[in-house]
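# Overview (structure and organization)
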Amino acid sequence: MMMDRTELLRQIKDEVINPALAGKGGAGLEESPLYKERIKNKVFPVIGEGSHRARIMFIGEAPGKNEAATGRPFCGAAGKILDELLASVGIDRKDVYVTNIVKDRPPFNRDPLPEEIKAYGPFLDRQIEIIQPEVIATLGRFSMDYVMRKFGLESQLCSISQMHGKIFETETPFGKIKIVPLYHPAVAIYNKTTKDTLVKDFRILKDFK
Ligand code: URA
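The structure contained in this document is the topic of the report that follows. All of these numbers come straight from a predicted model, not from anything done at the bench.

Our next topic: the overall build of the protein chain. Secondary structure summary: the protein chain contains eight helices and six strands in total. In the protein chain, the order of α-helices and β-strands from amino to carboxyl end is α-α-β-β-α-α-β-α-β-α-α-β-β-α. Computed over C-alpha atoms, the radius of gyration of the protein chain comes to 16 Å, within 12% of the 17 Å expected from 2.2 N^0.38 for 209 residues, which places it in the range of a compact globule. For the protein chain, the spread of C-alpha atoms along the three principal axes comes to 45 × 40 × 35 Å. Buried residues in the protein chain amount to 49% of all 209 residues. The long-range fraction of contacts in the protein chain, counting pairs at least 24 apart against all pairs at least 6 apart in sequence, stands at 69%. Total accessible area on the protein chain stands at roughly 10,600 Å², and carbon and sulfur atoms take up 53% of it. Put simply, the protein chain has 32 plus and 28 minus side-chain charges, and the middle of one group is 3 Å from the middle of the other.

Structure below.
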């Protein structure tokens, strides 16, 4: 019998929580220093949350302190900005899906390393294939880079200051999707100009609520 989306997503959660279940698909998560840190610090991985039938999927970088403490994506200061941005275009957070590339918190919130993106990327790939969103809104340059490359659009990659708020269309095995690179909401915490830009860029998403 075919598994439904919720069951398939549950499987990913189980594998990230207990990488021994993942086998080869887990890309050796047991060896990931971030996984070891999670166990040592008794914090949680952050898998993702929201509608399993979301038309819009938001992809951030990696959990921060609040996220690792609760297991929920974007629940700290950057999350508050994300909530405000969603509210500004009348989108209910429960109708979208929010996740990150890296599922465990990098120490001191440092940038994720290439090997960490490689280790956790397969889980994100599966989440995208299960949810089959119409729009992927990337939050920050790491997820912009990952998603553009994943869909073969690396030739169109340039700096986020040139790419934010534009729509990049591509064909996938589950149909056409739009990739919308956005600045990371954390940048908007202290930068009013970035916040104004995000508010403007979010208007693109209105058509997909
Ligand atoms: N920053 C991210 O990229 N993701 C989160 O979940 C929180 C902060």
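In this section: unusual backbone geometry. Residues other than glycine predominantly adopt negative phi, and peptide bonds predominantly adopt the trans conformation. With a phi close to 45°, Phe-74 is a non-glycine residue in the positive phi region. Of note, Phe-74 is situated in the loop between α3 (65–70) and α4 (77–88). A residue is classified by how much of its surface remains accessible, and Phe-74, at 5% relative accessible area, is buried. Phi is positive for Asn-109, close to 55°, though the residue is something other than glycine.

The immediate surroundings of the ligand are formed by Gly-60, Glu-61, Ala-62, Glu-67, Pro-73, Phe-74, Asn-100 and His-184. Contact distances for the ligand include 3.0 Å between a nitrogen atom and a backbone N or O atom of Ala-62. In the environment of the ligand, a nitrogen atom lies 2.7 Å from a nitrogen or oxygen atom belonging to the side chain of Asn-100. Within the complex, the protein chains bury 91% of what would otherwise be the 240 Å² of accessible surface of the ligand. The cavity that encloses the ligand is the largest pocket. Among the residues forming the shell around the ligand, the class breakdown is three nonpolar, three polar and two charged.

The buried fraction of strand β2 (residues 56–60) amounts to five of the five residues, a majority that puts the element mostly inside the structure. Both faces of β2 are covered, namely the face carrying Ile-56, Phe-58 and Gly-60 and the face carrying Met-57 and Ile-59. Summarising the sheet, β2 and strand β4 (residues 135–139) pair through four bridges and their orientation is parallel. From the neighbouring strand, Ile-56 faces β4, where its bridge partner is Val-135. By the bridge criterion, four bridges tie β2 to strand β3 (residues 97–100) in an arrangement that is parallel. Bridge pairing in β3 places Met-57 opposite Tyr-97.

Cut-offs applied
Residues numbered from 1 in each chain as written. Predicted model: local features only at pLDDT ≥ 70, side-chain atom pairs only at ≥ 80, totals over all residues. Heavy atoms only, no water. Helix = DSSP H or I, 4+ residues; strand = E, 2+ residues; numbered from the N terminus. Rg over C-alpha atoms; globule rule 2.2 N^0.38 Å. Buried < 20%, exposed > 50% of the residue type's maximum accessible area, 1.4 Å probe, protein only. Contact = heavy atoms within 4.5 Å. Areas by Shrake-Rupley, 256 points an atom, 1.4 Å probe, with all protein chains shown as cover. Lys, Arg positive; Asp, Glu negative; His and termini not counted. Charge placed at Lys NZ, Arg CZ, Asp CG, Glu CD. Near = heavy atom within 4 Å. Polar contact = N/O pair within 3.5 Å; in protein donor to acceptor, adjacent residues only side chain to side chain. 1 Å grid on protein atoms, 1.4 Å probe; cavity = no way out; pocket = protein on both sides within 12 Å on 5 of 7 lines; lining within 4 Å. Sits in = over half its atoms within 2 Å of the grid points. Nonpolar A, V, L, I, M, F, W, Y, C, P; charged D, E, K, R; others polar. Pairing = 2+ DSSP bridges.

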